[in-house]
Amino acid sequence: MTVHAEPRRETVNRLGLWLFFCSEFFLFAALFAARFYLAGPYHAKVNQPLGLAITLVLLVSGFTAYRAEAGIRRGDRSAFLRNLLVTILLGLVFLAGVGVEWATAEFAPSSIFGTAFFTMTGVHASHVLSGVVAFALAYRLGLRGHFSAERHWGVEALVKYWYLIDVVWVFFFPVLYLVRA
Amino acid sequence: MERRKRESAESSRGRLTVLAALVVLTLAEYVVGVKVAPNLSLLLLFMLAQAALIIWYSMELPKLWRRDEEEEI
Amino acid sequence: MVTRAVEQQSHGGPWTAFLPLVRGLVWAMIGFAVGAALTAVVRIAGGRSAWTFGLSFSVGYVFALLGWLLGVGMWERWGREWFGRPTVEEGPTDWRRYLAFTTDHKVIGIQYLATFVVVFLLAGLLAMLIRIQYLTPGGTVLDNATYNRVMSMHGILMIAVAVAIFVGSFGNYLLPIMIGARDVAFPRLNALSYWLVPPVAILLFVSQAFGGWDSGWTAYAPLSVRNAPGQILFCLAIITFGLSSIVGGLNFLVTIITMRAHGMTWGRLPIFVWSIFATSWIALLFTQFFAAAMLMVLLDRIAGTSFFAASNGGSAILYQHVFWFYSHPAVYIFIMPALGVTLEVLSHFSRKPLFAYRWAVGGFLGILAMSALVWVHHMFVTGVPYKLEAPFLITTEIISIPTGLIFLTALGTIWQGRLWLRVPMLFALAEVFNFLIGGITGIFLADVPTDAMLHNSYWVVAHFHYTIMGGEIFALMAAIYYWFPKMTGRMYSERVGRLHFALMFIAFNGTFLPMFWAGVHGMNRRIATYVPSLQGVNDLISAMGFLLGISFLFFVANMAYSLVRGRKAVANPWGARTLEWQTSSPPPVENFLVPPVVTGHPYDYGVPGAAPYAAFAPAGGSGEASS
Ligand SMILES: [Cu+2]
């Protein structure tokens, strides 16, 4: 008889991860609200097609991240590694897109829209970067035979985190690139 | 193993549908934002729809309270 | 090689206890150098100077923090896993574990308690310094600039104590035991949350070498964007501390939700656990806003953004919105666990069931639900739109209803009880008294017309100290005396404890009650001097303040003496029903020799036919099943 109510580890981990997401949501909400407080529902001249392009890249990378997770879940290591690599590359493409946007922006960080734009894209991009680094570590582990159909919580957590980054961008893209009144 | 592969293929198709929906929503949002009426409340509908799709299907929020059978094996 | 280092720690001389700390500091310095060098490379590539204080220091600090954590022991316990290597689980098991990256929740609880009691006493010394300053109207020892820095330091150290001392020490030590668990849900995250604290302290003290900061604990912009570079270290410290509290809150929530013993339904949770539950949500979610506010200040200072630069269209009011959206809910991080402990102690020492348990739980959850809806009451006179004032006046008044529920629970519990006036009970009763005064005087600050008069006066200082010192610190003392036998296995001296209580209670009220009067008569807060007509009342406050300081000497002496020489404590000296008293003092590793099964209500004292709170199966495993 198990007297201690020891829950399954996945249940505990998953709950912790979601609580972390709730917390992150508040950070991004603060920036989101500050953006409207400062600059109102307007935006300076931004490269809208580039914004659309990197948004699509991020959405597709979510799918490849899922394919990687599905790969390791059924024990298919090569599918896992292949899709993980594609996800990392797409993440880097996204970061490059943000870099181009930063380099060519026609507004300064000291303007109020620039303040909001650089801060929001910057904080988001730092999350993307942390995701890419973590994926790279997972890739290295995968190459060395870690993770399996039975043990892949680390991969699942990273993929969920990657989707969190997606969700944030889904809110940031329209309010930085599209909204006018 | 076979069963896992089959399930995986099925949910892969499901995920592809979700991705397609997200892409369509993003393109529609872009057209609305650039050509039609880029006002916040309209865009907010798009944002919420996309976020709901990702959180429900991609991040598998329901798994938080549902025990999925695959892991019970 | 690494394993060998750990073994040396468990077998070497006493000096080996400091190895983790030394290695943490060394790795932090290496990390700092790496970060600063990276910044230099990027800046030189862009044709700029290699070193600029704000940016280089901030980037360096991020790497230094990682170096510190890994160096202090996270590398063996956790980091190796990221590179596919097995973690090292063995570490020191004697007193040296208190200076190491340890995952045992009881060790972490003691680490938190010791750290923050020291910080509390240091910040108290600064308060003494402020009272010395006020011995004459023109100030005695500090010039204006130094006074501002001293006042700021006193503020933030005490706020840090208020945030962390309950949740970090008693939450960590007792919560897993009280719900019948072996440890928290994420022991390594727990250790991380503690080891994030020393860098905060180091930054705050080192910042004094860079001019410190003079913007109070609230760090209002635009002053915080323009003052000495010490402010940058303050911002980094707060972000680090925020991370610690977020991680802690997350851990407690998952622990409470998933790790309860069999039979520990939500309706049988000790009230202290409920208070930590509500508190943890606030720590988890709202702390991000303090971090966001600090990030904005940092960016304005080092990246040229204009969040708070009015000349470019920014707004200093934005700072206050973001800041108070955390910092009002934060006062509930301070007070809710204190109220939880108070109810806990009142019930055990009144030998009566906790009155209206469900309403008290509702009170905690009600405060949680409303905590984010009142923040503008700090900004009534700072130029927010008039249309915001009435709604926030009303929400602020409404949040006193759930608080009132808890208060009525306290009164109902004492009512017709057979009060057992031991030291913890004395402090708990005093908490109720002080918090009542704090609550009532808060009404005048919630109401816009009176707030317009009282804002920035000593009325605010008095009100805040009545709620936080009178509320939280008195409850903290109740908690320390109450659980001292459990945590140390020894009894404190009842006589010295009573003396400490009497002195502290009289001196506390003697110090802060006259401050209301001083505030109404024109004493401004956060100013190094005051008008000569107020010297009389200030002399009284100072005298009482010094007495308050002295009262803590009795406390420290009592604790230190009892820790070494105190009478051995039995498992359950208070005859209490909750689970922590059903195991040995101090509890064994993993808390219970035999896992408990909860079968009754925690507070059924003197209830005829009440089921025992817990059974220990298999029978005979523990001779200490509850009465
Ligand atoms: Cu408030």
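Structure: see above.
Being a predicted model, the structure only gives us computed values, none of them experimental.

Draft legend 1. Here's a closer look at the packing of aromatic side chains. Applying the stated criterion across every chain yields a total of 86 aromatic pairs over all chains. With a centroid separation of 5.7 Å and an interplanar angle of 70°, the aromatic rings of A:F28 and A:F172 are classed as edge-to-face. Placement of A:F28 in helix 1 (residues 9–39) and of A:F172 in helix 5 (residues 153–177) is noted, with a sequence separation of 144 residues between them. Accessibility classification places A:F28 together with A:F172 in one group, the buried group. Note on C:F349 and C:W420: the rings are 5.5 Å apart at their centroids and 35° apart in plane angle, and the pair reads as tilted. With C:F349 in helix 11 (residues 316–350) and C:W420 in the loop between helix 14 (400–414) and helix 15 (423–446), this pair connects stretches of sequence that are 71 residues apart. When its relative accessible area of 31% is taken as the criterion, C:W420 is described as partly exposed. For the cation-ring pair, B:R15 lies above A:Y66, with the distance from its terminal atom to the ring centre recorded as 3.7 Å.

Draft legend 2. Summary view of the interface of chain B and chain A. Between chain B and chain A, the contact holds 37 residues from the first and 37 residues from the second. For the pairing of chain B and chain A, the buried interface totals around 3,600 Å² over both sides, and the portion due to carbon and sulfur atoms is 67%. Three residues, B:Y30, B:M59 and B:L64, lead the burial of chain B against chain A; their summed loss comes to 18% of the area buried on that side. Taken together, the connections running from chain B to chain A amount to 1 salt bridge. For A:K160, the salt bridge identified is with B:E60, shortest N-O distance 3.7 Å. The interface formed by chain B and chain A holds 3 residue pairs in polar contact (both at pLDDT 80 or more) in total. Of all the secondary-structure elements, those providing two or more residues to the side of chain B that touches chain A are helix 1 (2–36), helix 2 (40–58) and helix 3 (69–72) of chain B. When residues of the side of chain B that touches chain A are assigned to their parent elements, the largest contribution, 16 residues, is made by helix 1 of chain B. Here the side of chain B that touches chain A is composed, by residue class, of 19 nonpolar, 8 polar and 10 charged.

Draft legend 3. Broad picture of helix 4 (residues 112–143) of chain A. Compared with the 46 Å implied by 1.5 Å per residue over 32 residues, the 46 Å span of helix 4 of chain A between its first and last C-alpha is a close match. Phi turns positive one or two residues past the end of helix 4 of chain A, at A:G145, with a value near 90°.

Draft legend 4. Expanded view of the interface of chain A and chain C. Contact residues are listed per partner, giving 35 residues for chain A and 46 residues for chain C. The contact between chain A and chain C buries some 3,300 Å² in all, and 72% of this surface belongs to carbon and sulfur atoms. Counting the contacts that link chain A with chain C gives 0 salt bridges. Contributions of two or more residues to the side of chain A that touches chain C are made by helix 1 and helix 4 of chain A. No other element matches helix 1 of chain A, which puts 17 residues into the side of chain A that touches chain C. Residues belonging to the side of chain A that touches chain C are distributed by class as follows: 21 nonpolar, 9 polar and 5 charged.

Draft legend 5. A look at the coordination of the copper ion. Residues and elements named next belong to chain C. Note on the copper ion: its protein donors are H328 (ND1), H377 (NE2) and H378 (NE2). The metal-donor distances range over 1.7 to 2.0 Å. Between consecutive donors of the copper ion, the numbers of intervening residues give the motif H-x48-H-H. By relative accessible area, which is 12% here, H377 ends up buried.

Draft legend 6. Spatial organisation of the environment of C:G438. Residues and elements named next belong to chain C. Positionally, G438 belongs in helix 15. Separated by 25 residues in sequence, G438 and H463 have C-alpha atoms that sit 5.2 Å apart. Not counting the four nearest positions on each side in its chain, G438 is found in contact with H463, Y466 and T467.

Draft legend 7. The packing of helix 4 of chain A against helix 5 of chain A, seen in detail. Residue and element names in this part refer to chain A. Helix 5 packs onto helix 4 with a crossing angle of 160° between their chain directions and a minimal axis gap of 10 Å. Between helix 4 and helix 5, the angle falls in the class roughly antiparallel. Considering the relative orientation of helix 4 and helix 5, their crossing is left-handed.

Draft legend 8. The arrangement of helix 11 of chain C in detail. Residues and elements named next belong to chain C. Given a rise of 1.5 Å per residue, 35 residues ought to cover 51 Å, and the 50 Å separating the end C-alpha atoms of helix 11 matches this to within 8%. Approximately 35° is the largest bend angle found in helix 11, and it occurs at W324. Of the residues flanking the start of helix 11, the one acting as N-cap is S315, its side-chain oxygen 3.1 Å from the backbone nitrogen of I317. Where helix 11 terminates, the next one or two residues include R351, which has phi positive at roughly 50°.

Draft legend 9. A look at the nonpolar core. Residue and element names in this part refer to chain C. F116, F170, I271 and W483 are the most contacted members of the largest nonpolar core, which totals 292 residues. Top contributing element to this core by residue count: helix 11, with 22 residues. Per-domain counts for this core show at least three residues from each of domain 1 (2–6 + 16–88) and domain 2 (103–565). With residues near it in sequence (within four places) discarded, I271 still touches G340, L343, E344, L354, Y357, A360, V361, F364 and Y603.

Draft legend 10. Fine view of the packing of helix 2 (residues 48–73) of chain A against helix 5 of chain A. Residue and element names in this part refer to chain A. Between helix 2 and helix 5, the least distance of the axes is 10 Å, while the angle of their chain directions is 165°. In terms of their interaxial angle, helix 2 and helix 5 are classed as roughly antiparallel. The two elements helix 2 and helix 5 meet at a crossing, and its hand is left-handed. Tallied by class, residues from the contact of helix 2 with helix 5 come to 16 nonpolar, 5 polar and 4 charged.

Draft legend 11. Structural context of the pattern of salt bridges. Tallied over the entire structure, the rule returns 12 salt bridges over all chains. Here C:R498 ties to C:E494 by a salt bridge, and the two come within 3.4 Å at their closest N and O atoms. In this pair, C:R498 and C:E494 are both assigned in helix 18 (residues 494–520), 4 residues apart and thus about one turn of the helix distant. The exposure class of C:R498 is partly exposed, given its relative accessible area of 38%. Residue classification places C:E494 among the buried positions, given a relative accessible area of 17%. Three or more residues are tied together by salt bridges with common partners; here these are A:R14, A:E156, A:K160, B:R15, B:E60 and B:K63.

Draft legend 12. Broad picture of the side chain of C:T342. For C:T342, the location among the structural elements is in helix 11. Contact partners of C:T342, with chain neighbours within four places excluded, come to C:A428, C:E431, C:V432 and C:A475.

Draft legend 13. Broad picture of unusual backbone geometry. All names here are of chain C. A cis amide bond, omega 5°, links A221 with the succeeding residue P222. Looking at where P222 falls in the secondary structure, it is placed in the loop between helix 7 (197–206) and helix 8 (223–226). Cis geometry is adopted by the peptide bond preceding P586, which originates at S585 and carries an omega value of -10°. With respect to the helices and strands, the residue P586 is situated in the loop between helix 19 (535–565) and strand 1 (596–598).

Draft legend 14. Looking closely at the side chain of C:E76. Tracing the chain through its elements places C:E76 in helix 3 (residues 53–82). Looking at C:E76, the relative accessible area reads 7%, which means it is buried.

Draft legend 15. Molecular detail of a nonpolar patch on the surface. Residue and element names in this part refer to chain C. Where nonpolar side chains cluster on the molecular surface, the patch consists of F18, V22, V26, I30, V34, L38, V62 and F63 and spans about 670 Å² of accessible area. Broken down by secondary-structure element, the contributors of at least two residues to the nonpolar patch are helix 2 (19–45) and helix 3. With 5 residues, the single largest contributor to the nonpolar patch is helix 2. Mapped onto the secondary structure, F18 falls in the loop between helix 1 (2–11) and helix 2.

Cut-offs used in this document
- Residues numbered from 1 in each chain as written.
- Chains lettered and ligands numbered in written order.
- Predicted model: local features only at pLDDT ≥ 70, side-chain atom pairs only at ≥ 80, totals over all residues.
- Heavy atoms only, no water.
- Phe/Tyr/Trp six-rings, centres within 6.5 Å; stacked < 30°, edge-to-face > 60°.
- Helix = DSSP H or I, 4+ residues; strand = E, 2+ residues; numbered from the N terminus.
- Buried < 20%, exposed > 50% of the residue type's maximum accessible area, 1.4 Å probe, protein only.
- Lys NZ or Arg CZ within 6 Å of the ring centre and 35° of its normal.
- Contact = heavy atoms within 4.5 Å.
- Buried area = accessible area lost by both parts, 1.4 Å probe.
- Salt bridge = Lys/Arg side-chain N within 4 Å of Asp/Glu carboxyl O.
- Polar contact = N/O pair within 3.5 Å; in protein donor to acceptor, adjacent residues only side chain to side chain.
- Nonpolar A, V, L, I, M, F, W, Y, C, P; charged D, E, K, R; others polar.
- Expected span 1.5 Å × (residues − 1).
- Donors = N, O, S within 2.8 Å, 3.2 Å for Na, K, Ca; no water.
- Axes fitted to C-alpha atoms, helices over the stretch in contact; angles between N-to-C directions.
- Parallel < 35°, antiparallel > 145°, perpendicular 65-115°, else oblique.
- Left-handed = near helix turned anticlockwise from the far one by under 90°.
- Bend = angle between axes of the 7 residues up to and from the residue.
- Core = buried A, V, L, I, M, F, W, Y, C linked by side-chain atoms within 4.5 Å.
- Domains from an automatic or database assignment.
- Patch = residues over 30% accessible without salt bridge, like charges linked within 9 Å, V, L, I, M, F, W, Y side chains within 5 Å.
- Areas by Shrake-Rupley, 256 points an atom, 1.4 Å probe, with all protein chains shown as cover.

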